[in-house]
Amino acid sequence: MSFSSLAVDSSEKAEPANAYWKVAVEAPLPTALTYAVSAEMRADPRLKRGTSVCVPLGRRTVSGILLGPTLPDGKFELKNIISLDESRPVLHESFLQWLEWLARYYAHPIGNVTEMAFPPLEKKEKLRKSNKAPVTPTLMADQRPELTEEQARVIGDIESSSGFNVHLVHGVTGSGKTEIYMRLLEDVVKAGRQGIVLVPEISLTPQLIERFARRLGDAVAVIHSHLTPREKTTQWWAMMEGKKQILIGARSALFCPLPNLGMIVIDEEHESSFKQDEKLKYHARDAAVMLAKYSNCPVILGSATPSLETWHNAQSGRYKLHQLKARVADRALPSIEVVDLREVKDLRRQKGESDLPFWLTEPLYQAITETLEKKEQAALFLNRRGIAQAVVCPDCGYVPECPNCAVKLTLHGRSHLLCHYCDYHETMTEQCTDCPDGEPKPIGLGTETIEKDLARLFPEARIARMDRDEIGTREDLERMIKEVENREVDILVGTQMIAKGLDFPGLTLVGLVLADVGFNLPDLRASERSFQLLTQVAGRSGRHLNEGAGRVLIQTYNPDHPSITYTVAHDYEAYAAFELGFREALSYPPYWRLVNFRVQGLDLEKVKKTAKQLRTRAQTLQSRNPAYAPIEILGPAQAPMAKIRNQHRWQLLVKGPDAAALGAFCRQLVENQDWVAPAVKINVDVDAVHLL
Ligand code: ADP
Ligand code: ZN
């Protein structure tokens, strides 16, 4: 008899070792709950970590996951687990550990994390019966281009290491990163394993999916937010049963508990949309790195403009850096010209009014004309939807605002005033609602105005607008991409939507109408995001030109802004060094970690009071533990977006040099929320990205 079983046997009237189990219950509870297990169930070999169960919760029966045997805490009589749930596959150990990590790190209820590992619906009967063996997918080897030297080197380097490694593939736009992913994934499939490819939701176009499907054939499954629950469920099971090998999706694809994960690819890893802002506030890139770690497989992060977090990790040697310095087939990077709007303004003042609309300078006008003459395509980019940024009364200065959110209303069409944060809209009145004589006028600029002006200036040109107003559905987006691809569009006008990953052969001119939008947002990553956006948008130009180079014109009031000068120089590394200098001096990420506590509720006074109490509690907690001494507590202050959907928002920022200590501090701080006023909520956002 072993020592450990002796110890159990010696306790008086010992309960069997597995009489009580911890269960992650699918409900917003701060911790797992303990349940009793019947003698019959104790004999069942399926009683193990990762198995789904049905348990009573109040008067309901809910699903949960077995986490492990435990001891009863003795206070209450514990209820029995009702049954083992066979409709769901058992979560394997490494995956379950990853889910537990997510719950701990992001301070989220464990049951609300584990429930994400399952599809929305039950498996269909028909499917359940079909017991086809996994198929060997057909790979289309004949479609492969010959690798460039750089591509071959990167693939060789990545494949020479095994097990868990984080690889950053830093390659300029059009350097053939996607080709690299596809080669690596082919090898994953050949080795009989499975892979996940994460791309930003907006890039998950048929264009991209087809590209993978052409190569990886019927190995590809896709999950995105526009699938019906039934479609999602089907794709999920196809992966789980090994009928498909490569899962392409946005963030949530990570949660498919693949039995045989061999690689994760994150394209455009710098994209802030990989951070989920509600419920489990995870960053899909960081979560993917951890999943790869638990699964002991490589993860490939790709970008032309890596996030500073990732770049910092690559510089310090934690991630392996692979670089592609040239576009494929010796295609040139676009030439970037900066048009100083201050000079243009002065010139116009001297020479009198120009025929051109105020947002369009002579050089950009010329460039569009030349592009159209060559029968090539142009794209104009402005990060603002609508006709005008706002409407203002010239008499009294009144600006219509959303009654639910602390933002100005944006004019769309002729008279439609819209809030970009909630569904609120109203009709613009000819008479000011705030003074007797005023007639409100639009100020600022939006994509709709640009489209209208272009139609007047270039009556022959076919113009299309790509923004969230025009592109309501996924089908709209797909249709418009096809039209641009087929050259049915000469000028494309868009918001940042058109910046992301699109690859149009005929596009040779990109104009940035006003690059400055976004420079001055009160967000620590505003400059980084501007640089990324400018470089990405510029990268859409001339991707398929074998001779000459695409053109990019940047119109700006701040030609000396580092986001612009480093974009013009095509020098990511210099930009990163420059910006990292700031981050280090200010103790910001990636040097320090940052957690945002957002307090929100309908009653402003209660929100404020709770935020202040939270600060006091944080200070007390800090004073009691020397490990928390380096932590800095900032605020509370009103959030830059002070009210959204009638919810007032205050925030308390907490940052610290050590992730583990900061994590422990934050978990402790919100462990007990009995003191929080009813109808006020504290949202914990670990490694917060969106601070507005
Ligand atoms: P990135 O993902 O780095 O922006 P892509 O993988 O989209 O670059 O490649 C840009 C273009 O070059 C695509 O049209 C792609 O088909 C093509 N391409 C990629 N690799 C090669 C290669 N080795 N030979 C020829 N063309 C290639
Ligand atoms: Zn609103």
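As the structure is a prediction and not an experimental result, all values here were calculated from the model.

## Points about the packing of helix 3 (residues 93–105) against helix 10 (residues 284–295)
It is at 9 Å that the axes of helix 3 and helix 10 come closest, and there the two elements cross at 145 degrees. You can see that helix 3 and helix 10 cross each other, and the crossing is right-handed. Between helix 3, through Ser94, Phe95, Gln97, Trp98, Trp101, Leu102 and Arg104, and helix 10, the contact on the second element is made entirely by Ala287, Met290, Leu291 and Tyr294. Looking at the contact of helix 3 with helix 10 residue by residue, the class counts come to eight nonpolar, two polar and one charged.

## What about unusual backbone geometry?
Note that the residue after Pro589, namely Pro590, is joined by a cis bond; omega there is 5 degrees. If you trace the backbone, Pro590 turns up in the loop between helix 18 (572–585) and strand 24 (593–601). At the junction of Gly635 and Pro636, the peptide bond is cis and its omega measures out at 15 degrees in the coordinates. Along the polypeptide, Pro636 turns up in strand 25 (residues 632–644). The backbone of Arg487 sits at a positive phi, close to 60 degrees, despite the residue not being glycine. Mapped onto the elements, Arg487 comes out in the loop between helix 15 (474–485) and strand 21 (491–494). Residue classification places Arg487 among the partly exposed residues on the basis of a relative accessible area of 38%. Its identity is not glycine, yet Arg645 carries a phi of approximately 50 degrees, on the positive side. Tracing the backbone shows Arg645 in the loop between strand 25 and strand 26 (647–656). Residue classification places Arg645 among the partly exposed positions, given a relative accessible area of 47%.

## Topic: the pairing of strand 23 (residues 551–556)
Within strand 23, five of the six residues are buried, which leaves it mostly tucked inside the rest of the structure. Sheet topology places strand 22 (residues 507–512) next to strand 23; four bridges connect them, and they run parallel. Along strand 23, the bridge assignment pairs Leu509 with Arg551.

## A closer look at the domain arrangement of the protein
Assigned domains of the protein: these are domain 1 (4–117), domain 2 (149–328), domain 3 (335–384 + 447–582), domain 4 (385–444) and domain 5 (593–686). Tallying the contact residues gives seven residues for domain 4 and six residues for domain 5. At the boundary of domain 4 with domain 5, total buried surface from both sides reaches about 600 Å², with 53% on carbon and sulfur atoms. Of all residues in domain 4, Asn404, Ala406 and Tyr421 give up the largest surface area on contact with domain 5, accounting jointly for 64% of the area buried on that side. Summed over the shared surface of domain 4 and domain 5, the result is zero salt bridges. Inspection of the domain 4/domain 5 interface yields three residue pairs in polar contact (both at pLDDT 80 or more). Tallied by class, residues from the side of domain 4 that touches domain 5 come to six nonpolar, one polar and no charged.

## Describing the environment of Asn596
Note on placement: Asn596 falls in strand 24. Between the alpha carbons of Asn596 and Asp685 there is a distance of 5.0 Å; along the sequence they are 89 residues apart. Residues contacting Asn596, with those up to four places away along its chain left out, are Gln651, Leu652, Leu653, Asn683, Val684, Asp685, Ala688 and Leu691. Within the local environment of Asn596, its side chain forms a polar contact with the side chain of Gln651, the two groups lying 3.2 Å apart.

## Considering the pairing of strand 4 (residues 60–69)
As paired elements, strand 1 (residues 20–25) and strand 4 share five bridges and run antiparallel to each other. When the sheet's bridge partners are listed, Val25 is paired in strand 4 with Gly64. Sheet topology note: the strand 3 (residues 52–57)/strand 4 ladder contains six bridges and is antiparallel. The partner of Val53 across the bridge, within strand 4, is Gly64. In sequence, strand 3 turns back onto strand 4 through a hairpin of two residues, with Gly58 there showing a positive phi of about 60 degrees.

## Quick notes on the sheet that holds strand 7 (residues 194–198)
Spatially, seven strands are ordered 8-9-7-10-11-6-12 in an open sheet, and the strand pairing comes out parallel. Across the chains shown, the open sheet's two edge strands, defined by having one partner strand only, are strand 8 (220–223) and strand 12 (320–324). Within the sheet, the average angular offset between the axes of one strand and its neighbour, ignoring direction, is 20 degrees. Sheet topology places strand 6 (residues 166–171) next to strand 11 (residues 299–303); five bridges connect them, and they run parallel. Among the inter-strand pairings, Val169 is bridged to a residue of strand 11, identified as Gly302.

## Observations regarding the packing of aromatic side chains
Within the structure shown, the criterion is met by 17 aromatic pairs. Aromatic pair Phe95 and Trp98: ring centres 5.3 Å apart, planes at 50 degrees, arrangement tilted. Of this pair, Phe95 and Trp98 both sit in helix 3, three residues apart, which is roughly one turn of the helix. Side by side, Phe95 and Trp98 carry an identical accessibility label, which is buried. Measuring from centroid to centroid gives 5.0 Å for Trp311 and Tyr572, while their planes differ by 85 degrees, and the two rings are edge-to-face. With Trp311 in helix 11 (residues 308–315) and Tyr572 in helix 18, this residue pair connects regions lying 261 residues apart in the sequence. Given the relative accessible area of 3%, Trp311 is considered buried. The structure contains a cluster of three or more aromatic residues connected by ring pairs, namely Trp311, Phe531, Tyr566, Tyr572, Tyr575, Phe578 and Phe582. Positioned above the aromatic ring of Phe118, the side-chain terminus of Arg88 is 3.9 Å from the ring centre. The ring of Trp237 has Lys123 lying over it, and the distance from NZ or CZ to the ring centre is 4.2 Å.

## Observations concerning the site of ligand 1
For ligand 1, the set of nearby residues contains 19 residues, the closest of which are Glu146, Gln151, Gly174, Lys177 and Thr178. Between ligand 1 and Ser175, the relevant distance is 3.2 Å, taken from an oxygen atom to a main-chain nitrogen or oxygen of the residue. One nitrogen or oxygen atom from the main chain of Gly176 is found 3.0 Å from an oxygen atom belonging to ligand 1. A total of three residues in the shell around ligand 1 trace back to one element, the largest contributor, which is helix 7 (residues 177–190).

## Concerning the environment of Glu475
Within the secondary structure, Glu475 is located in helix 15. Under the relative-accessibility criterion, Glu475 is labelled exposed at 53%. As a C-alpha pair, Glu475 and Gly174 span 301 residues in sequence and 26 Å in three-dimensional space.

About the criteria used
Residues numbered from 1 in each chain as written. Chains lettered and ligands numbered in written order. Predicted model: local features only at pLDDT ≥ 70, side-chain atom pairs only at ≥ 80, totals over all residues. Heavy atoms only, no water. Axes fitted to C-alpha atoms, helices over the stretch in contact; angles between N-to-C directions. Helix = DSSP H or I, 4+ residues; strand = E, 2+ residues; numbered from the N terminus. Left-handed = near helix turned anticlockwise from the far one by under 90°. Contact = heavy atoms within 4.5 Å. Nonpolar A, V, L, I, M, F, W, Y, C, P; charged D, E, K, R; others polar. Buried < 20%, exposed > 50% of the residue type's maximum accessible area, 1.4 Å probe, protein only. Pairing = 2+ DSSP bridges. Domains from an automatic or database assignment. Buried area = accessible area lost by both parts, 1.4 Å probe. Salt bridge = Lys/Arg side-chain N within 4 Å of Asp/Glu carboxyl O. Polar contact = N/O pair within 3.5 Å; in protein donor to acceptor, adjacent residues only side chain to side chain. Phe/Tyr/Trp six-rings, centres within 6.5 Å; stacked < 30°, edge-to-face > 60°. Lys NZ or Arg CZ within 6 Å of the ring centre and 35° of its normal. Near = heavy atom within 4 Å.

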